[in-house]
Amino acid sequence: MRIVVLAGGIGGARFLRGLKQAVEGGEITVVGNTGDDIHLFGLKVCPDLDTVMYTLGGGIHEEQGWGRAEESFSVKAELKAYGVGPEWFGLGDKDFATHIVRTQMLAAGYPLSAVTEALCDRWQPGVRLIPMSDDRVETHVLTEVEGERKAVHFQEYWVKHHATVPAFAIIPVGAETAKPAPGVLEAIAEADVILLPPSNPVVSVGTILAVPGIRQALVAARAPVIGLSPIIGGAPVRGMADKVLEAVGVETSASAVAKHYGSDLLDGWLVDGSDAGAVAEVEAAGIPCRAVPLWMTDVDASAAMAREALAFAEAVRGE
Ligand code: FO1
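Residues numbered from 1 in each chain as written. Predicted model: local features only at pLDDT ≥ 70, side-chain atom pairs only at ≥ 80, totals over all residues. Heavy atoms only, no water.

**Thoughts on the sheet that holds strand S7 (residues 148–153)**
Across the sheet, 3 strands lie side by side as S7-S6-S8; this open sheet has antiparallel pairing. Every interior strand has two partners, whereas the edge strands, S7 and strand S8 (169–173), have only one. Strand-to-strand twist in this sheet, taken as the mean axis angle between neighbours without regard to direction, amounts to 30°. As paired strands, strand S6 (residues 138–145) and S7 are joined by 6 bridges and run antiparallel to one another. For leucine 142, the partnering residue across the bridge sits in S7 and is alanine 151. (Pairing = 2+ DSSP bridges. Helix = DSSP H or I, 4+ residues; strand = E, 2+ residues; numbered from the N terminus. Axes fitted to C-alpha atoms, helices over the stretch in contact; angles between N-to-C directions.)

**Focus: the side chain of histidine 99**
Inspection of the secondary structure assignment puts histidine 99 in helix H4 (residues 93–107). Exposure remark for histidine 99: the relative accessible area of 0% places this residue in the buried category. Side-chain polar atoms of histidine 99 contact the side chain of aspartate 95, separated by 2.9 Å. Contact partners of histidine 99, with chain neighbours within four places excluded, come to Leu43, Lys44, Val45, Asp50 and Leu91. (Buried < 20%, exposed > 50% of the residue type's maximum accessible area, 1.4 Å probe, protein only. Polar contact = N/O pair within 3.5 Å; in protein donor to acceptor, adjacent residues only side chain to side chain. Contact = heavy atoms within 4.5 Å.)

**Some points on the site of the ligand**
In the vicinity of the ligand, 13 residues are found, and the nearest of them are Asp36, Pro47, Asp48, Gly90 and Gln155. The separation between an oxygen atom of the ligand and a polar side-chain atom of aspartate 48 is 2.8 Å. Between the ligand and the protein, one listed contact pairs an oxygen atom with a side-chain N or O atom of glutamine 155 at 2.6 Å. Those elements that provide at least two residues to the shell around the ligand are helix H2 (47–57) and helix H6 (154–160). Ranked by the residues each element gives to the shell around the ligand, the list is headed by H6, at 3 residues. By residue class, the composition of the shell around the ligand is 8 nonpolar, 2 polar and 3 charged. (Near = heavy atom within 4 Å. Nonpolar A, V, L, I, M, F, W, Y, C, P; charged D, E, K, R; others polar.)

**Let's talk about unusual backbone geometry**
Here the bond from glycine 85 into proline 86 is cis, since omega is 0°, no more than 30 degrees from zero. The topology assignment puts proline 86 in the loop between helix H3 (74–81) and H4. For glutamine 124, which is not glycine, the phi torsion reads 45° and is therefore positive. You can see glutamine 124 is positioned in the loop between helix H5 (112–123) and strand S5 (128–131). Glutamine 124 gets classed as exposed once you look at its relative accessible area, which sits at 55%.

**Looking at the sheet that holds strand S1 (residues 2–7)**
An order of S5-S2-S1-S9-S10-S13-S14 is seen for the 7 strands of this open sheet, with the pairing classed as parallel. Strands with a single pairing partner mark the edges of an open sheet, and in this sheet they are S5 and strand S14 (289–291). This sheet shows a mean twist of 20° between the axes of neighbouring strands, independent of strand direction. The pairing of strand S2 (residues 27–32) with S5 spans 4 bridges and is parallel. By the bridge assignment, valine 30 is partnered in S5 with leucine 129. Contacting S1, S2 and S5, H2 runs over the sheet at an angle of about 175° to S5. In the packing of helix H11 (residues 254–261) onto the sheet, the strands contacted are strand S9 (193–196) and strand S13 (268–271), and the crossing angle to S13 comes to about 160°.

**Brief notes about the packing of H2 against H5**
Where H2 meets H5, the closest approach of the two axes is 10 Å, and the angle between their N-to-C directions is 20°. Considering the angle they form, H2 stands roughly parallel to H5. Like other packed secondary-structure pairs, H2 and H5 cross with a definite hand, here right-handed. On H5, the residues that touch Leu49, Met53, Tyr54 and Gly57 of H2 are Leu112, Thr116, Leu119, Cys120 and Trp123. (Parallel < 35°, antiparallel > 145°, perpendicular 65-115°, else oblique. Left-handed = near helix turned anticlockwise from the far one by under 90°.)

**Remarks on the state of the cysteines**
In protein chemistry, a disulfide is the covalent bond that joins the sulfur atoms of two cysteines. Taken as a whole, this structure holds 0 disulfides when the rule is applied. As a non-bridged cysteine, cysteine 46 has cysteine 120 as the owner of its nearest cysteine sulfur, 11 Å distant. (Disulfide = S-S within 2.5 Å.)

Remember, this is a structural readout, not a statement about activity or role.
Encoded structure:
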């Protein structure tokens, strides 16, 4: 079975760990969000690609959901000693090696998709990880800091300000001229099932959908597109999705996110049991909906969710 998953960072990576367990032998292609990418110290950092690669490859810092396990921060301390910032983004010594190799390969002319493939050769994540685009796309947030309106890089909004400053708009800079990376549209066209995991619907899945051609390919795909709600009981499971949902005028609820994705895109939407009351509303919007447990408390729970999504895909296939 060929499965395509559009994934962001932590939520997407944890879901993928369950999906891998649920479909031993299945062929999983992950289209990764690159809007979180940031250039620091002359290096290109790809947080969401690295979170998927490290999580599925066994190198992730489990509690954080980003960066490496057993990490040290000597280089970070030395950079601080030189007065070179920013200090608010925690790059560890082992993680620096990933960014050095990536930047070196990009400088040699390899596209990000080839670089990602090369890095995954080491980590063997057990999925094919393709960036949404080889072109530079960086999400910026229109905010107000000390009374001054300005656009800041998503990571500055998310990590330095912890999303405590207002977000008036979310702008995936460069998306309008970006092209899907090689293999993305082909994987979508050939997929048997396409899944939207509980990643951030605005800055992760939303950014991938902002690359011209990807949303259209999903709408046209033969495969059923099944989404899993990242919102449970009116609150984001993790992270600060509510802050960016507000920025784009979407209510923080399982049903609002389904409608935001649209009935043209979704063939099915899974909400948590606690949101069973939303099933009728989602179905009224033309989207088949089921309530199942969506808390990814461990890999077995994530695998159970994945099996529910795959069963739902079979149920709606060809309808
Ligand atoms: N998230 C944080 O909250 N604090 C950090 O210092 C931080 C550093 C960091 C370094 C490398 C990397 O790949 C990810 C990192 N993240 C950090 C996570 C990052 O902000 C992700 O983009 C978000 O978690 C959203 O996916």
